[in-house]
Amino acid sequence: SGGGSWGYAWVVLPAGGYRAGVAGLVRSGAVALASCGRRLLAGAGGGGAVGVGTLAFAIGGGRLWLLLMWFFGSSNVAWKRMALSAVKRNGGAPASRKHSGPRTLRQVLANSVPFLACALAYKATGEPWLLLLASGALAASTADTWASEVGVYSRRPPVNILKREPMQRGLSGGVSPLGLAATVVGAVTSAFLAMLLFHAFGYAIPTGPDAFFFIIACGVVGSLVDSVLGVVMQAKYRCPNDAEGGLVETPPCGAQAALVSGYAWVTNDAVNLMSGIAVVLLGLLVVV
């Protein structure tokens with residue numbers, strides 16, 4: 001057990017100076033290599049994950065790094081488990097999913113830039129509430145990803161978050177009871193882990209009920225803002241030769257696709273980034 005304790009301390013104890021960067025690089029590189037091998041990350045996505053993980057460890061040691069790994073690991077576990085469950089339930093045909101295939105560089109950055117911006121601001125100023133904002137931004141990414149990956153397998157069809165009308169599965173802006181439940185669970189678990197790490201390993205920030213529920217609120221609000229932006233702004237297309245006439249967000253027919261709603265430049269990654277920024281701005285109104 002002595003070796004196990006040493007290994008655990010090696011993960012959570014921050015290093016100083018260049019050692020922190022090297023430690024973060026080694027840990028993040030190992031995770032990225034394993035993830036690329038399991039096709040959870042694309043090549044450029046793996047490089048982005050290494051960069052983000054290295055920065056997180058250099059800024060805040062193992063605490064922030066573990067929060068980031070919780071987002072990445074739990075989101076991919078939700079994807080894998082629910083995909084396997086759907087394949088078995090549908091006799092080998094997986095359900096349509098908003099996020100398919102390995103995570104790309106854009107997806108990695110869209111979900112982590114607001115978190116990193118708050119963490120860098122904390123490093124520059126030492127203001128402890130910025131760590132709460134960083135945790136809230138990551139909780140929002142986690143909650144939204146869980147809602148997307150789990151909610152698409154709801155037995156009830158999703159409804160448009162604004163119009164409350166049934167809408168096609170797998171499109172941004174749809175909500176379901178299962179997806180909303182996944183949103184809350186993702187936000188709560190992220191908040192619990194943040195409080196545990198900050199309290200147990202010495203960050204001088206509030207770890208009481210107010211901070212806990214603040215992070216949960218960031219997670220839930222971020223996921224809901226993502227859905228609203230998905231309805232109002234995200235591009236949705238229809239391919240001319242599609243016999244079923246369904247909408248898609250990444251058209252397989254390329255330039256032949258007709259833009260039905262939203263703006264062509266607003267992809268799902270852009271929506272994720274905008275919702276993360278919105279959470280940070282709304283959080284600033286509360287904590288400042």
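Residues numbered from 1 in each chain as written. Predicted model: local features only at pLDDT ≥ 70, side-chain atom pairs only at ≥ 80, totals over all residues. Heavy atoms only, no water.

Visitor: Account for the overall build of the chain, naming residues and giving values.
Guide: Per the secondary structure count, the chain includes eight helices and four strands. Helices and strands in the chain line up, N terminus first, as α-α-α-α-α-β-β-α-α-β-β-α. Residues classed as buried in the chain amount to 49% of the 288 residues present. In the chain, 71% of the contacts between residues at least 6 apart in sequence involve partners at least 24 apart. Total accessible area on the chain stands at roughly 13800 Å², and carbon and sulfur atoms take up 67% of it. (Helix = DSSP H or I, 4+ residues; strand = E, 2+ residues; numbered from the N terminus. Buried < 20%, exposed > 50% of the residue type's maximum accessible area, 1.4 Å probe, protein only. Contact = heavy atoms within 4.5 Å. Areas by Shrake-Rupley, 256 points an atom, 1.4 Å probe, with all protein chains shown as cover.)

Visitor: Lay out the pattern of salt bridges in plain terms, naming residues and giving numbers.
Guide: In total, this model carries one salt bridge according to the counting rule given. Residue Glu-149 pairs with Arg-103 through a salt bridge whose shortest N-O separation is 2.7 Å. Within this pair, whereas Glu-149 is found in helix 5 (residues 129-151), its partner Arg-103 is found in the loop between helix 3 (43-89) and helix 4 (105-125), the two being separated by 46 residues in sequence. Like Arg-103, Glu-149 is buried. (Salt bridge = Lys/Arg side-chain N within 4 Å of Asp/Glu carboxyl O.)

Visitor: Just give me the short version of the state of the cysteines, but keep the residues and values in it.
Guide: The bond known as a disulfide is covalent and runs between the sulfur atoms of two cysteines. Going through the model one piece at a time under the given rule, you end up with one disulfide. Here Cys-239 connects covalently by a disulfide to Cys-253, the sulfurs 2.2 Å from one another. Measuring handedness by torsion sign, the sulfur bridge of Cys-239 and Cys-253 sits at about -90 degrees and is left-handed. Note that Cys-239 is positioned in the loop between strand 3 (236-238) and strand 4 (258-261) and Cys-253 in the loop between strand 3 and strand 4, a separation of 14 residues in sequence. The exposure class assigned to Cys-239 is buried, which follows from its relative accessible area of 11%. The exposure class of Cys-253 is partly exposed, given its relative accessible area of 22%. Distance from the sulfur of Cys-218, which forms no disulfide, to the nearest cysteine sulfur (Cys-118) is 9.0 Å. With a relative accessible area of 6%, Cys-218 lands in the buried category. (Disulfide = S-S within 2.5 Å.)

Visitor: How would you summarise a nonpolar patch on the surface if you had to cite specific residues and measurements?
Guide: The grouping of Leu-105, Leu-109, Val-113, Leu-273, Ile-277 and Leu-281 at the surface amounts to a nonpolar patch, some 450 Å² of accessible area in total. Going through the elements one at a time, helix 4 and helix 8 (268-287) are the ones with two or more residues in the nonpolar patch. (Patch = residues over 30% accessible without salt bridge, like charges linked within 9 Å, V, L, I, M, F, W, Y side chains within 5 Å.)

Visitor: I'd love a proper account of the environment of Pro-114, names of residues and values included.
Guide: Relative to the helices and strands, Pro-114 is located in helix 4. In sequence terms Pro-114 and Asn-272 are 158 residues apart; their C-alpha atoms lie 10.0 Å from each other. Those residues within four positions of Pro-114 in sequence are excluded, and the remaining contacts are Ala-137, Leu-273, Gly-276, Ile-277 and Val-280.

Visitor: For the packing of helix 4 against helix 5, give the residues involved together with the corresponding values.
Guide: The N-to-C vectors of helix 4 and helix 5 enclose an angle of 170 degrees; their axes lie 8 Å apart at closest approach. Judged by the inter-axis angle, helix 4 sits roughly antiparallel to helix 5. Residue-level contacts link Asn-111, Pro-114, Phe-115, Cys-118, Ala-119, Ala-121, Tyr-122 and Thr-125 of helix 4 to Leu-130, Leu-131, Leu-133, Ala-134, Ala-137, Leu-138, Ser-141 and Thr-145 of helix 5. A breakdown of the residues in the contact of helix 4 with helix 5 according to their chemical character gives 12 nonpolar, four polar and no charged. (Axes fitted to C-alpha atoms, helices over the stretch in contact; angles between N-to-C directions. Parallel < 35°, antiparallel > 145°, perpendicular 65-115°, else oblique. Nonpolar A, V, L, I, M, F, W, Y, C, P; charged D, E, K, R; others polar.)

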